[in-house]
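Survey of secondary and tertiary structure
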Amino acid sequence: MNHPALSGPVRFFGTCLADAVFPDAGMAAMRILDHLGCSVVYPLEQGCCGQPAYNSGFPEQARTVAMQQVRAFRGEGPIVVPSGSCAGMLKFHYPRLFADHPQYFEVAAFSERVVEYFDFLVNVLDARFEDKGPPVRVTWHSSCHALRETGSTQAAKALLGKLCNVELVELSREFECCGFGGTFSVKRPEVSAAMARDKVEDIRATGAQVVLTADCGCLMNITGTARKLGYDITGMHLAEFIWGRINEK
Amino acid sequence: MKSDSFDFTAALQKALADPQIGGNFRGALDGLRGKRLALFNDAEELASLRATGKALKARVLSRLPELLTQLEANCEKNGIRVHWAETTEQANRIVLSILRECGADMVVKGKSMVSEEMGLNRFLEQNGVEPVETDLGEFIIQLAVEPPSHITAPALHKNKLQVAEIFHRCVPGAPYTENVEELNAIARTTLREKFRTAKAGLSGVNFAIAETGTLVLVENEGNGRMCTHVPPVHIALMGLEKVVEKLDDLPPLMRLLTGSATGQLLSTYVNAITSPRAEGELDGPREVHLVILDNGRSTMFADPELSGALRCLRCGACLNNCPVYVRVGGHAYGSVYPGPIGAVITPQLEGIDNKGDLAGASSLCGACEEVCPVKIPLAGHLRRIRAEGQAAPGEGCVRGAGAKRSLVERLAWTAWAYTETHPRLREYLLRAAALMGDKLPEVGPLKTWTAARTAPRVAPKSLRQRVREEGIRHE
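1. Here's the deal with the overall build of chain A
A tally of regular secondary structure across chain A gives 13 helices and 8 strands. Since a compact globule built from 249 residues should have a radius of gyration of about 18 Å, the 18 Å found for chain A is in line with a globular shape. Over its C-alpha atoms, taken along the principal directions, chain A stretches across nearly 50 × 45 × 25 Å. When the 249 residues of chain A are sorted by exposure, 63% land in the buried category. Taking the 24 positively charged and 27 negatively charged side chains of chain A as two groups, their mean positions are separated by 2 Å.

2. Some words on the sheet that holds strand S6 (residues 214-219) of chain B
All names here are of chain B. Strand order in the open sheet formed by 4 strands is S8-S5-S6-S9, and the pairing between neighbours is mixed. Strands with a single pairing partner mark the edges of an open sheet, and in this sheet they are strand S8 (243-244) and strand S9 (269-273). By the bridge criterion, 3 bridges tie strand S5 (residues 207-209) to S6 in an arrangement that is antiparallel. Note that in S6 the partner of Ile 209 across the bridge is Thr 214.

3. Quick look at the interface of chain A and chain B
In this assembly, 68 residues from chain A lie in contact with 62 residues from chain B. Carbon and sulfur atoms supply 60% of the area that chain A and chain B bury against each other, a total of about 5700 Å² over both sides. Connecting chain A to chain B are 10 salt bridges. Salt-bridge contacts for Glu 176 of chain A lead to Arg 327 of chain B; the nearest nitrogen and oxygen are separated by 2.6 Å. At the boundary of chain A with chain B, the tally comes to 29 residue pairs in polar contact (both at pLDDT 80 or more). By residue number, the principal contributor to the side of chain A that touches chain B is helix H11 (residues 189-206) of chain A, which donates 8 residues. Classifying every residue of the side of chain A that touches chain B by side-chain character gives 33 nonpolar, 20 polar and 15 charged.

4. So, the packing of helix H2 (residues 23-35) of chain A against helix H13 (residues 238-247) of chain A
Residues and elements named next belong to chain A. For the pair H2 and H13, interaxial distance at closest approach is 8 Å and the crossing angle is 55°. Considered as vectors, H2 and H13 are oriented oblique to each other. Of the two possible hands of crossing, H2 and H13 adopt the one that is left-handed. Facing H2, whose interface residues are Asp 24, Ala 25, Ala 28, Ala 29, Arg 31, Ile 32 and His 35, H13 presents Ala 239, Glu 240, Ile 242, Trp 243 and Ile 246. In the contact of H2 with H13, the residues fall into 8 nonpolar, 1 polar and 3 charged.

5. Some thoughts on the packing of aromatic side chains
Taken as a whole and assessed by the stated rule, the structure comprises 14 aromatic pairs over all chains. Between Tyr 104 of chain A and Phe 105 of chain A, the aromatic rings sit 5.2 Å apart at their centres with planes inclined by 80°, giving edge-to-face as the arrangement. Among the residues examined, Phe 105 of chain A registers a relative accessible area of 67% and is labelled exposed. With a centroid separation of 5.9 Å and an interplanar angle of 90°, the aromatic rings of Phe 180 of chain A and Trp 449 of chain B are classed as edge-to-face. Residue Phe 180 of chain A is located in the loop between strand S6 (166-169) and helix H10 (184-187), and its partner Trp 449 of chain B is located in helix H22 (residues 444-450); the two belong to separate chains. Judged by its relative accessible area of 16%, Phe 180 of chain A is buried. By the ring-pair criterion, three or more aromatic residues cluster together here, those being Phe 6, Phe 8, Phe 25, Tyr 325 and Tyr 333 of chain B. Across from the ring centre of Tyr 231 of chain A, 3.7 Å away, lies the NZ or CZ of Arg 204 of chain A, which sits over that ring. Looking at Arg 453 of chain B, its charged tip hangs above the ring of Trp 449 of chain B, at a distance of 4.4 Å from the centre.

6. Brief notes about the environment of Gln 142 of chain B
All names here are of chain B. Checked against the element boundaries, Gln 142 lands in helix H8 (residues 136-143). Taking the C-alpha atoms as reference points, Gln 142 and Leu 64, 78 residues apart in sequence, are found 35 Å from one another. Every residue in contact with Gln 142, bar those within four places of it in the chain, is listed here: Asn 121, Pro 131, Val 132 and Glu 133.

7. Considerations on the nonpolar core
In terms of nonpolar packing, the biggest core is built from 116 residues, with Leu 290 and Ile 341 of chain B touching the most fellow members. Those residues within four positions of Ile 341 of chain B in sequence are excluded, and the remaining contacts are Ile 151, Ala 309, Cys 312, Cys 318, Leu 319, Ile 376 and Leu 378 of chain B.

8. Focus: the side chain of Ser 112 of chain B
As for its position among the elements, Ser 112 of chain B is in the loop between strand S2 (106-109) and helix H6 (113-118). Look past the residues within four positions of Ser 112 of chain B in its chain and what remains in contact with it is Ser 203, Gly 204 and Leu 237 of chain B.

9. A look at H2 of chain A
Residue and element names in this part refer to chain A. Spanning 13 residues, H2 covers 18 Å between terminal C-alpha atoms, matching the ideal 18 Å at 1.5 Å per step. Turning to H2, its buried residues are Pro 23, Ala 25, Gly 26, Met 27, Ala 28, Ala 29, Met 30, Ile 32 and Leu 33. In the stretch just after H2, Gly 37 is the one whose phi turns positive, near 90°.

10. Details of the confidence of the model for chain B
Low pLDDT marks regions whose predicted coordinates should not be analysed in detail. This prediction gives chain B a mean pLDDT of 96; 99% of its residues lie at or above 70. Overall fold confidence (pTM) sits at 0.95, and the ipTM for the predicted complex is 0.96.

11. Looking at the packing of H2 of chain A against helix H7 (residues 117-124) of chain A
Residues and elements named next belong to chain A. Packing of H2 against H7 brings their axes to within 12 Å, and their N-to-C directions diverge by 15°. What the angle tells us is that H2 and H7 run roughly parallel. Regarding H2 and H7, the two cross each other, and that crossing is left-handed. Facing H2, whose interface residues are Ala 28, Ala 29, Ile 32 and Leu 33, H7 presents Tyr 117, Phe 120 and Leu 121. Split into classes, the residues belonging to the contact of H2 with H7 amount to 7 nonpolar, no polar and no charged.

12. A word on unusual backbone geometry
Peptide bonds are trans in most cases, and residues, glycine excluded, mostly fall at negative phi. Residue and element names in this part refer to chain B. Positive phi, normally seen in glycine, also occurs at Asn 295, with a value near 45°. For Asn 295, the position within the fold is in the loop between strand S10 (287-293) and helix H13 (297-302). Residue Asn 295 is classed as buried on the basis of its relative accessible area of 17%. In this structure, Lys 375 is a non-glycine residue whose phi angle is positive, near 55°. Within the secondary structure, Lys 375 is located in the loop between helix H18 (367-371) and helix H19 (378-389).

13. Topic: the pattern of salt bridges
Applying the stated criterion to the full structure yields 44 salt bridges over all chains. The shortest N-O distance in the salt bridge between Arg 11 of chain A and Glu 475 of chain B comes to 2.8 Å. One end of the pair, Arg 11 of chain A, is in strand S1 (residues 10-12); the other, Glu 475 of chain B, is in the segment after helix H23 (463-469), on a second chain. On the accessibility criterion, Arg 11 of chain A (10% relative accessible area) is buried. Among the ionic pairs, Glu 388 of chain B bridges to Arg 384 of chain B, the shortest N-O distance being 3.0 Å. Placement of the pair is Glu 388 of chain B and Arg 384 of chain B together in helix H19, with a separation of 4 residues, close to one helical turn. We note that Glu 388 of chain B, like Arg 384 of chain B, is buried. Each of Arg 173, Glu 176 and Asp 198 of chain A together with Arg 26, Asp 30 and Arg 327 of chain B takes part in one network of salt bridges that share partners.

The rules behind these values
Residues numbered from 1 in each chain as written. Chains lettered and ligands numbered in written order. Predicted model: local features only at pLDDT ≥ 70, side-chain atom pairs only at ≥ 80, totals over all residues. Heavy atoms only, no water. Helix = DSSP H or I, 4+ residues; strand = E, 2+ residues; numbered from the N terminus. Rg over C-alpha atoms; globule rule 2.2 N^0.38 Å. Buried < 20%, exposed > 50% of the residue type's maximum accessible area, 1.4 Å probe, protein only. Lys, Arg positive; Asp, Glu negative; His and termini not counted. Charge placed at Lys NZ, Arg CZ, Asp CG, Glu CD. Pairing = 2+ DSSP bridges. Contact = heavy atoms within 4.5 Å. Buried area = accessible area lost by both parts, 1.4 Å probe. Salt bridge = Lys/Arg side-chain N within 4 Å of Asp/Glu carboxyl O. Polar contact = N/O pair within 3.5 Å; in protein donor to acceptor, adjacent residues only side chain to side chain. Nonpolar A, V, L, I, M, F, W, Y, C, P; charged D, E, K, R; others polar. Axes fitted to C-alpha atoms, helices over the stretch in contact; angles between N-to-C directions. Parallel < 35°, antiparallel > 145°, perpendicular 65-115°, else oblique. Left-handed = near helix turned anticlockwise from the far one by under 90°. Phe/Tyr/Trp six-rings, centres within 6.5 Å; stacked < 30°, edge-to-face > 60°. Lys NZ or Arg CZ within 6 Å of the ring centre and 35° of its normal. Core = buried A, V, L, I, M, F, W, Y, C linked by side-chain atoms within 4.5 Å. Expected span 1.5 Å × (residues − 1). pLDDT = per-residue confidence, 0-100.

And the structure:
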């Protein structure tokens, strides 16, 4: 990813899932930025990135929603996104979505400013944290788009590696999708459920107490599947986990 | 497997319920994945090789009509007779007439996906010609009367025990044995006699070189060479996208093909066929025919976006790495080409009305694109096919465009877009949902979701609310 220059406020794209289901993750992510000395701004007019419609074959509706984001984030400076999937959509797919449209340049200028949250933390802010938490064994689930689009998985893991009391046990099939895929989970539920079950079993096999990820979609899919299967697996967005480690009493 | 009776949901459910499919595919594909990774262990080198592969094939597509004409001229000059077929029906008729002319009532076949696309075997049987598959995998599934389940490994869904049972049941006089060498020997003995007596042999084509009029075939068993060199007549089948410009283009493309397919640096056999047997030569066929099939490819070629799929080398790497394919196997797709590339080209070849559902068989995770040796944007193509399925009347370029158009879905997405562009309405709806807690009615997507997962709980206070209440700067 290209890293936008750090001047002025950092605008935070909370993602629709953090807004509705995981606000703790969003709040933690913003508090960490503040803790690192950034001036964080949350544009209130923001919403979903539009990916569900885009992936379902409704580019027109996706464009309508995309323009809402482009307008909500008017201005300059970085737009940080605590999700590889939404960041990939905003950064790489928006220009494609508007390739033949008059708004292309406005959209492309917006996309230029987008950076995935952990990529920003590590590669722009060079973040370091004092780990005040007790020893814990965790595993890491990478969203497909953090792995293959934004390439931000490395940054997230590097950050995790800097927490001295945290032991990371890698998943044996980290490369494999958890089966969420947005609307895929309800349009092809049989296959999606099979993928989610396998992912949960893979997580269990690590013996980790917590599974961490940087995507609320995967988090919702994995923890929901684990609970349905009756497994006691704690899932958490990495930002929320880190915020907890810094503030442990 | 008729397209009009295709029920994808039922096929997926059946495949997922079969433990043997999961087991056989996962084991075999893990092996192929591992070999590919071991061969392409230098990320930089791989990136540059893939860029080369993409560029070479893209350049071919930029001058496809011209190169096909050149290929035809050079083949004819070399004594290879070239036939053009717009439809599979025409291609079948061409093959049959060549076989009738040389009096063949049996034809030995090397592996050819185009012949599967044509439904050639059934057509020949109906017309009194016995097709004999000689690739070991194809031989196995021909005995079992099943279509291939993988592009490069057609019998991938069968394990050793299943093969032992098929051979014992279907090969006259074959004893039951689970010994792999003995099983191989049974196939070899049966096939040698066919090679010896066949009047015609048939093969696919991996690359057809326009500059020299050469047909290049990649194989590992030697059966391909038996099909193309022993019988007096050789018929080669190719889709029109298989043409490449020059002999010099071959090394990188070959490396990408065998490396992506099986993790091999080079396949055991590489056949380059430039002409029939010439004066004074001791072996080789007396006649070589090349059948070039369109079957919807020129329509793909005309679309600046979807023509990317014509770069495909048919290596099968996208299948080997697809989390959907690995769980359901090839037969679930109900088409000749399964997996991500199949989900892209089948709806184009057979129409969105028939096979448009295949484009939904992906979480768009990108694993297929990550391994594609010629960098076909498979996820992007799948998204495009989905949109083509929803196209308005008069819009869309793919055959059967608009066939999946649903008013309910359209209204739902339009309502969603309206909500997303009215943040206050959105917040109000979220608050209402939060108040309902776990009493949200489980209908529609939520009902489907909760079949395998617990329902997500809408947070009592949204992030937006907390931003305002907990003193985060907002605008």
